[in-house]
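Letter by letter, the chains look like this.
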Amino acid sequence: MKRKLGLLLIVLTLMLSLVSCGSANSLDAIWKDYEHGISLDLLSNNAFESNNFFGDEVKLTGTYSLEESADEIKTIKFQSTEFETQEFNYTSDGVKLTLSKDDEVYKVLKKSERREGMIKIPLGYALGFTVNLIGDYAIAIILFTLVLKLVLLPISINQTKSQVKMQKVKPIVDKINEKYKHDKQKAQQKTMELYQKAKINPMAGCLPLIINMVLLIAFFRVLMYPDTFIYHNGEPIAHSMLSGEFLWIKNLTNPDLLANIPLFAKIIPANLQGVIPGIMPILTALVTLFSFNSMTSGTAQTEQQGAAMMKSMKYFMPIMFLMLGAKYPASLMVYWTVSSVFQMIQQPIIKKLVDKEVE
């Protein structure tokens, strides 16, 4: 019964976390340009909020109106208390919003998803509380990541315990498979009887991975769109609190690129400066590789536990993070690096404790 309830809870969580909210019109969304710190939130009641849209690092509020001329030119007007009325021609394909003035492109913004999901919103509020409490985005991410890993610690222990138990009975399972090699159904039946006798749940090692993956994707979304998800006292955290420096990184909401370092900026061609990842993505890739080594070292992974998949992921994940590092906020790399280092430290400790308990 408990297993069925647990599986049902995970399925519901996955479904709810993937549900997105629709909008009344095509522009009712949050439009962003993280490279320049711009955030433009067009609300359904024809009001808007913006960060840095008119060139100042201040939060602006006002109203906007849409018009369409006979020659199908679409116009948007911004009325703000801080600036005079601004009028632009606009086009939108649902993903990008292009604003033009005097036949020249003024801004190209990308559509950002609205705050939604039963997991992302609590994570965003929790991180927002931490940012407001500490006053430093990077330190808040590090502290929040450590707390999140500690909360997930019981799940990691159960997963490791399942793996160790599976390894203990593997010689017996091999004998069963050899004895009934011509009767796969009988071999499966005897294996399940063995698992029941040893109190092993084959799914126990998979369900924690699903929970971890759901939380991982949700937290990635929060860090990818901090202006959208990170709230405190019902209000979005100020962009200035999210774009502070950390070590060599000038702005955590921007990608960490090698060209951001003056020395390399002089060497790297202009057309490659926006695609070559910087120090943090490289560090993240290396830590991810070492983390996979720590998870598999000393553990005889069986085919049933996905040895081939683990080997592929070991090299795929570092490459993936290296590529993501050149496109997505540096805060993602900080989170994953801290999380992987914690994983490398906790894994041998848990393995040692579980080995004693299973014996």
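No experiment lies behind these values; they were computed from the predicted model shown.

## Some remarks on the environment of Lys149
Alright, step 1. Take Lys149: it is sitting in helix H3 (residues 137–151).
Alright, step 2. By relative accessible area, which is 12% here, Lys149 ends up buried.
Alright, step 3. In this structure the C-alpha to C-alpha distance between Lys149 and Ser339, which are 190 residues apart in sequence, comes to 7.2 Å.
Alright, step 4. Setting aside anything within four residues of it in sequence, one finds Lys149 in contact with Ser339, Phe342 and Gln343.
Alright, step 5. A distance of 3.3 Å separates polar atoms of two side chains, one belonging to Lys149 and the other to Gln343.

## A look at helix H2 (residues 120–134)
Every α-helix carries 3.6 residues per turn, so stepping three or four residues along brings you back to the same face.
Alright, step 1. Relative to the 21 Å expected for 15 residues at 1.5 Å per residue, H2 spans 21 Å between its end C-alpha atoms, a close match to the ideal helical length.
Alright, step 2. Among the residues trailing H2, Gly135 stands out with phi positive, at a value near 85°.

## Concerning the confidence of the model for the protein
Alright, step 1. Here the protein averages 76 in pLDDT, and 80% of its residues register 70 or above.
Alright, step 2. Between the elements of the protein, mean pLDDT differs from a low of 43, seen in helix H1 (residues 2–18), to a high of 90, seen in strand S7 (residues 96–101).
Alright, step 3. Note on residues 1–24: pLDDT under 50 across the span, and 18 contacts to partners over four residues away in sequence or across chains.
Alright, step 4. The low-confidence segment residues 298–305 (pLDDT under 50) makes 10 contacts with residues lying over four places distant or belonging to another chain.

## Structural notes on the packing of aromatic side chains
We describe a pair of aromatic rings using the distance from one ring centre to the other and the angle between the two ring planes.
Alright, step 1. In total, this model carries 14 aromatic pairs according to the counting rule given.
Alright, step 2. Relative to Trp336, the ring of Tyr335 lies with its centre 6.5 Å away and its plane at 65°, an arrangement referred to as edge-to-face. Judged on exposure class, the residue Tyr335 and its partner Trp336 are both buried.
Alright, step 3. Every member of this aromatic cluster is reached through a ring pair, and the members are Phe144, Phe219, Phe220, Phe321, Tyr335 and Trp336.

## Side note on a nonpolar patch on the surface
Alright, step 1. Side chains of Phe129, Leu133, Ile134, Ile139, Leu143, Val147 and Val151 sit close together on the surface and give an oily, nonpolar patch of about 640 Å² of accessible area.
Alright, step 2. Breaking the nonpolar patch down by element, the ones donating at least two residues are H2 and H3.
Alright, step 3. In terms of residue count, the dominant contributor to the nonpolar patch is H3 (4 residues).
Alright, step 4. Looking at the element boundaries, Leu133 is found in helix H2.

## Details of the pairing of strand S2 (residues 38–42)
Alright, step 1. By the criterion of burial, S2 is predominantly enclosed, with 5 of the 5 residues buried.
Alright, step 2. Because side chains alternate across S2, one face comprises the buried residues Ile38, Leu40 and Leu42, and the other comprises Ser39 and Asp41, equally buried.
Alright, step 3. Pairing of strand S1 (residues 30–33) with S2 involves 4 bridges; the strand directions are antiparallel. Across the sheet, residue Ile30 finds its bridge partner in S2, namely Asp41.
Alright, step 4. Both S2 and strand S3 (residues 47–51) contribute to a ladder of 4 bridges, which runs antiparallel. Within S3, the position partnered with Leu42 by the bridge is Phe48.

Cut-offs used in this document
Residues numbered from 1 in each chain as written. Predicted model: local features only at pLDDT ≥ 70, side-chain atom pairs only at ≥ 80, totals over all residues. Heavy atoms only, no water. Helix = DSSP H or I, 4+ residues; strand = E, 2+ residues; numbered from the N terminus. Buried < 20%, exposed > 50% of the residue type's maximum accessible area, 1.4 Å probe, protein only. Contact = heavy atoms within 4.5 Å. Polar contact = N/O pair within 3.5 Å; in protein donor to acceptor, adjacent residues only side chain to side chain. Expected span 1.5 Å × (residues − 1). pLDDT = per-residue confidence, 0-100. Phe/Tyr/Trp six-rings, centres within 6.5 Å; stacked < 30°, edge-to-face > 60°. Patch = residues over 30% accessible without salt bridge, like charges linked within 9 Å, V, L, I, M, F, W, Y side chains within 5 Å. Areas by Shrake-Rupley, 256 points an atom, 1.4 Å probe, with all protein chains shown as cover. Salt bridge = Lys/Arg side-chain N within 4 Å of Asp/Glu carboxyl O. Pairing = 2+ DSSP bridges.

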